[in-house]
Amino acid sequence: MRIAILSLQGAFAEHEAMLRQLGAETFEVRKLSDWQQPKDGLIIPGGESTTQMKLLRELGMADVVKYAINEGLPVFGTCAGLIMLSQSHLATMDIEAQRNAYGRQLGSFSTVHEVAEIGKDIPMTFIRAPFINRVYGKARELATVDGRVVAARQDNQLVTAFHPELTNDLRIHDYFLSIIG
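First, a word on what this report is: a plain description of the structure on this page. As the structure is a computational prediction, the values presented were derived from the model and not from experiment.

**Focus on the pairing of strand β11 (residues 157-160)**
Of the two faces of β11, the one carrying Q157 and V159 and the one carrying L158 and T160 are both buried. One ladder, built from four bridges, connects strand β4 (residues 75-78) with β11; its direction is parallel. For F76, the partnering residue across the bridge sits in β11 and is L158. Sheet topology places strand β10 (residues 148-154) next to β11; four bridges connect them, and they run antiparallel. Residue A151 lies in a different strand from β11, and its bridge partner there is T160.

Now the structure itself:
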(Lines give C-alpha, C1' and ligand atoms only; values in the text may rest on other atoms or scores of the structure.)
Protein backbone atom coordinates (compact mmCIF):
# COMPACT_ATOMS: atom_id res chain seq x y z
CA MET A 1 0.00 0.00 0.00
CA ARG A 2 1.39 3.40 -1.01
CA ILE A 3 0.20 6.57 0.74
CA ALA A 4 0.82 10.12 -0.47
CA ILE A 5 1.28 12.69 2.30
CA LEU A 6 0.69 16.33 1.51
CA SER A 7 3.91 17.85 2.85
CA LEU A 8 3.38 21.59 2.63
CA GLN A 9 3.00 22.08 6.40
CA GLY A 10 2.27 20.18 9.57
CA ALA A 11 3.43 16.93 11.11
CA PHE A 12 3.78 15.01 7.86
CA ALA A 13 6.92 13.20 9.08
CA GLU A 14 4.98 11.89 12.09
CA HIS A 15 2.24 10.54 9.79
CA GLU A 16 4.94 8.87 7.67
CA ALA A 17 6.45 7.20 10.74
CA MET A 18 3.09 5.83 11.90
CA LEU A 19 2.23 4.47 8.46
CA ARG A 20 5.63 2.81 8.12
CA GLN A 21 5.07 1.08 11.49
CA LEU A 22 1.90 -0.35 9.94
CA GLY A 23 3.78 -1.57 6.86
CA ALA A 24 2.65 1.11 4.40
CA GLU A 25 4.97 2.84 1.97
CA THR A 26 4.77 6.65 1.93
CA PHE A 27 5.92 9.52 -0.21
CA GLU A 28 5.76 13.28 0.24
CA VAL A 29 3.78 15.53 -2.08
CA ARG A 30 5.21 19.03 -2.45
CA LYS A 31 4.55 19.71 -6.14
CA LEU A 32 2.41 18.47 -9.01
CA SER A 33 5.02 15.99 -10.27
CA ASP A 34 5.03 14.33 -6.82
CA TRP A 35 1.24 14.06 -6.94
CA GLN A 36 1.36 12.21 -10.24
CA GLN A 37 3.00 9.16 -8.65
CA PRO A 38 0.86 6.05 -8.08
CA LYS A 39 -0.95 6.13 -4.73
CA ASP A 40 -3.59 4.22 -2.80
CA GLY A 41 -4.49 7.02 -0.39
CA LEU A 42 -3.70 10.53 0.77
CA ILE A 43 -3.09 12.16 4.15
CA ILE A 44 -3.62 15.90 4.59
CA PRO A 45 -1.94 16.89 7.88
CA GLY A 46 -2.42 19.82 10.17
CA GLY A 47 -0.95 23.25 9.67
CA GLU A 48 -2.85 26.32 8.56
CA SER A 49 -5.70 25.49 6.18
CA THR A 50 -5.81 28.84 4.37
CA THR A 51 -2.07 28.72 3.68
CA GLN A 52 -2.20 25.11 2.52
CA MET A 53 -5.12 25.84 0.18
CA LYS A 54 -3.27 28.87 -1.22
CA LEU A 55 -0.20 26.71 -1.86
CA LEU A 56 -2.31 23.96 -3.45
CA ARG A 57 -3.80 26.51 -5.86
CA GLU A 58 -0.43 28.13 -6.65
CA LEU A 59 1.11 24.71 -7.32
CA GLY A 60 -1.76 23.77 -9.64
CA MET A 61 -2.81 20.92 -7.36
CA ALA A 62 -6.13 21.97 -5.80
CA ASP A 63 -8.32 20.78 -8.66
CA VAL A 64 -6.45 17.51 -9.24
CA VAL A 65 -6.52 16.63 -5.54
CA LYS A 66 -10.24 17.42 -5.31
CA TYR A 67 -10.93 15.42 -8.47
CA ALA A 68 -9.03 12.38 -7.17
CA ILE A 69 -10.89 12.48 -3.85
CA ASN A 70 -14.25 12.85 -5.60
CA GLU A 71 -13.30 9.87 -7.78
CA GLY A 72 -12.80 7.75 -4.66
CA LEU A 73 -9.18 8.23 -3.55
CA PRO A 74 -9.18 7.49 0.20
CA VAL A 75 -8.11 10.53 2.22
CA PHE A 76 -7.42 11.20 5.89
CA GLY A 77 -7.38 14.81 7.05
CA THR A 78 -6.17 15.84 10.50
CA CYS A 79 -6.90 19.27 12.01
CA ALA A 80 -6.28 21.64 9.06
CA GLY A 81 -6.84 18.64 6.78
CA LEU A 82 -10.35 18.38 8.23
CA ILE A 83 -10.97 22.04 7.37
CA MET A 84 -9.59 21.57 3.85
CA LEU A 85 -12.00 18.70 3.14
CA SER A 86 -14.97 20.63 4.56
CA GLN A 87 -17.43 22.73 2.59
CA SER A 88 -15.35 25.91 3.08
CA HIS A 89 -12.40 24.67 0.95
CA LEU A 90 -12.22 21.52 -1.22
CA ALA A 91 -15.83 20.65 -0.35
CA THR A 92 -15.41 16.89 -0.72
CA MET A 93 -17.09 16.05 2.62
CA ASP A 94 -20.56 16.89 3.88
CA ILE A 95 -19.24 18.71 6.94
CA GLU A 96 -18.94 22.30 8.07
CA ALA A 97 -15.95 23.13 10.25
CA GLN A 98 -15.31 25.78 12.88
CA ARG A 99 -11.66 26.90 12.62
CA ASN A 100 -9.58 27.43 15.77
CA ALA A 101 -12.58 26.33 17.79
CA TYR A 102 -10.50 25.59 20.85
CA GLY A 103 -8.83 28.99 20.80
CA ARG A 104 -5.22 29.95 20.69
CA GLN A 105 -2.17 27.76 21.22
CA LEU A 106 -2.75 27.99 24.96
CA GLY A 107 -6.14 26.33 24.41
CA SER A 108 -4.45 23.15 23.23
CA PHE A 109 -5.14 20.01 25.27
CA SER A 110 -5.11 16.22 25.30
CA THR A 111 -7.85 13.82 26.29
CA VAL A 112 -8.94 10.22 25.76
CA HIS A 113 -12.29 9.26 24.20
CA GLU A 114 -14.06 6.60 22.20
CA VAL A 115 -14.08 6.74 18.41
CA ALA A 116 -16.86 4.71 16.77
CA GLU A 117 -15.62 1.85 14.58
CA ILE A 118 -12.12 2.19 16.10
CA GLY A 119 -12.25 1.74 19.85
CA LYS A 120 -12.23 3.19 23.34
CA ASP A 121 -9.52 5.17 25.06
CA ILE A 122 -8.22 6.79 21.88
CA PRO A 123 -5.67 9.50 22.79
CA MET A 124 -6.57 12.86 21.26
CA THR A 125 -4.20 15.81 21.06
CA PHE A 126 -5.88 19.09 20.09
CA ILE A 127 -3.69 22.00 18.95
CA ARG A 128 -5.67 25.15 18.06
CA ALA A 129 -8.07 22.57 16.73
CA PRO A 130 -11.26 22.92 14.75
CA PHE A 131 -14.42 20.98 15.40
CA ILE A 132 -17.26 20.04 13.10
CA ASN A 133 -20.29 22.33 13.37
CA ARG A 134 -22.48 20.25 11.13
CA VAL A 135 -22.45 16.72 9.76
CA TYR A 136 -24.99 16.09 6.99
CA GLY A 137 -25.59 14.17 3.78
CA LYS A 138 -23.39 11.08 3.53
CA ALA A 139 -21.02 12.08 6.37
CA ARG A 140 -21.39 10.55 9.82
CA GLU A 141 -19.84 11.47 13.11
CA LEU A 142 -17.40 9.09 14.73
CA ALA A 143 -16.45 10.95 17.91
CA THR A 144 -17.47 13.85 20.10
CA VAL A 145 -15.66 15.62 22.92
CA ASP A 146 -17.73 17.84 25.22
CA GLY A 147 -20.62 17.75 22.76
CA ARG A 148 -18.49 18.81 19.77
CA VAL A 149 -17.92 16.51 16.79
CA VAL A 150 -14.18 15.85 16.45
CA ALA A 151 -14.08 12.91 14.01
CA ALA A 152 -16.19 11.96 11.00
CA ARG A 153 -16.23 9.68 8.00
CA GLN A 154 -17.84 9.84 4.59
CA ASP A 155 -17.22 6.91 2.26
CA ASN A 156 -13.41 6.85 1.76
CA GLN A 157 -12.83 10.09 3.66
CA LEU A 158 -11.80 10.26 7.31
CA VAL A 159 -11.21 13.41 9.35
CA THR A 160 -10.11 14.14 12.89
CA ALA A 161 -9.89 17.51 14.62
CA PHE A 162 -7.11 16.05 16.75
CA HIS A 163 -3.61 14.82 15.90
CA PRO A 164 -3.32 11.02 16.22
CA GLU A 165 0.13 11.25 14.63
CA LEU A 166 1.40 12.95 17.81
CA THR A 167 0.64 9.91 19.96
CA ASN A 168 1.95 6.34 20.03
CA ASP A 169 -1.48 4.85 19.28
CA LEU A 170 -1.66 3.43 15.75
CA ARG A 171 -5.39 2.63 15.71
CA ILE A 172 -6.59 5.69 13.77
CA HIS A 173 -3.97 5.22 11.05
CA ASP A 174 -4.69 1.49 10.96
CA TYR A 175 -8.38 2.30 10.53
CA PHE A 176 -7.55 4.59 7.61
CA LEU A 177 -5.55 1.80 5.97
CA SER A 178 -8.52 -0.54 6.46
CA ILE A 179 -10.70 1.93 4.51
CA ILE A 180 -8.29 1.55 1.61
CA GLY A 181 -8.51 -2.22 1.85
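**Examining the nonpolar core**
Counting 55 residues, the largest nonpolar core has L6, L42, L56 and V115 as its most contacted members. Ranked by residues supplied to this core, first place goes to helix α6 (residues 171-180) with five residues. Look past the residues within four positions of V115 in its chain and what remains in contact with it is I122, M124, L142, A143, F162 and I172.

**A look at the pattern of salt bridges**
Under the defined criterion, the tally for this structure stands at nine salt bridges. Among the ionic pairs, R140 bridges to E117, the shortest N-O distance being 2.7 Å. Placement of R140 in strand β9 (residues 140-145) and of E117 in the loop between β6 (109-115) and β7 (119-126) is noted, with a sequence separation of 23 residues between them. Note that E117 and R153 form a salt bridge whose closest N and O atoms lie 3.5 Å from each other. Highlighted residues: E117 in the loop between β6 and β7 and R153 in strand β10, separated in sequence by 36 residues. Each member of the salt-bridge network shares a partner with another, and the members are E117, R140 and R153.

**Describing the layout of surface pockets**
Empty space within the largest pocket amounts to approximately 200 Å³. In terms of lining residues, the largest pocket is bounded by 14 residues, among which G47, C79, N100, I127 and R128 are the most central. Along the lines of polarity and charge, the residues of the lining of the largest pocket split into five nonpolar, six polar and three charged.

**Quick look at helix α1 (residues 12-21)**
Looking at α1, one finds that the buried residues are F12, H15, E16, M18 and L19. The buried residues of α1 occupy an angular sector of 165° when the element is viewed end-on, so they sit on one face. Set apart from the buried face of α1 by more than 90 degrees, the exposed residues are R20 and Q21.

**Focus on the environment of V145**
Tracing the chain through its elements places V145 in strand β9. It is 9.6 Å that separates the C-alpha atoms of V145 and M124, two residues lying 21 residues apart in sequence.

**Quick look at the packing of aromatic side chains**
Summed over the entire model, instances satisfying the criterion amount to three aromatic pairs. Here F109 and F126 contribute two aromatic rings whose centre-to-centre distance is 4.6 Å and whose plane-to-plane angle is 15°, an arrangement assigned as stacked. Of this pair, F109 sits in strand β6 while F126 sits in strand β7; the two residues are 17 residues apart in sequence, bridging distant segments of the chain. Owing to a relative accessible area of 25%, F109 belongs among the partly exposed residues under this scheme. Overall, the relative accessible area of 1% leaves F126 in the buried class. Pairwise contacts between aromatic rings join F109, F126 and F162 into one cluster. The lysine or arginine in question, K39, covers the ring of W35, its NZ or CZ lying 4.2 Å from the ring centre. Across from the ring centre of Y136, 4.1 Å away, lies the NZ or CZ of R134, which sits over that ring.

What counts, and where the lines are drawn
- Residues numbered from 1 in each chain as written.
- Predicted model: local features only at pLDDT ≥ 70, side-chain atom pairs only at ≥ 80, totals over all residues.
- Heavy atoms only, no water.
- Buried < 20%, exposed > 50% of the residue type's maximum accessible area, 1.4 Å probe, protein only.
- Helix = DSSP H or I, 4+ residues; strand = E, 2+ residues; numbered from the N terminus.
- Pairing = 2+ DSSP bridges.
- Core = buried A, V, L, I, M, F, W, Y, C linked by side-chain atoms within 4.5 Å.
- Contact = heavy atoms within 4.5 Å.
- Salt bridge = Lys/Arg side-chain N within 4 Å of Asp/Glu carboxyl O.
- 1 Å grid on protein atoms, 1.4 Å probe; cavity = no way out; pocket = protein on both sides within 12 Å on 5 of 7 lines; lining within 4 Å.
- Points joined across faces, edges and corners; volume = space filled by probe spheres on them.
- Nonpolar A, V, L, I, M, F, W, Y, C, P; charged D, E, K, R; others polar.
- Arc of directions from axis to C-beta.
- Phe/Tyr/Trp six-rings, centres within 6.5 Å; stacked < 30°, edge-to-face > 60°.
- Lys NZ or Arg CZ within 6 Å of the ring centre and 35° of its normal.

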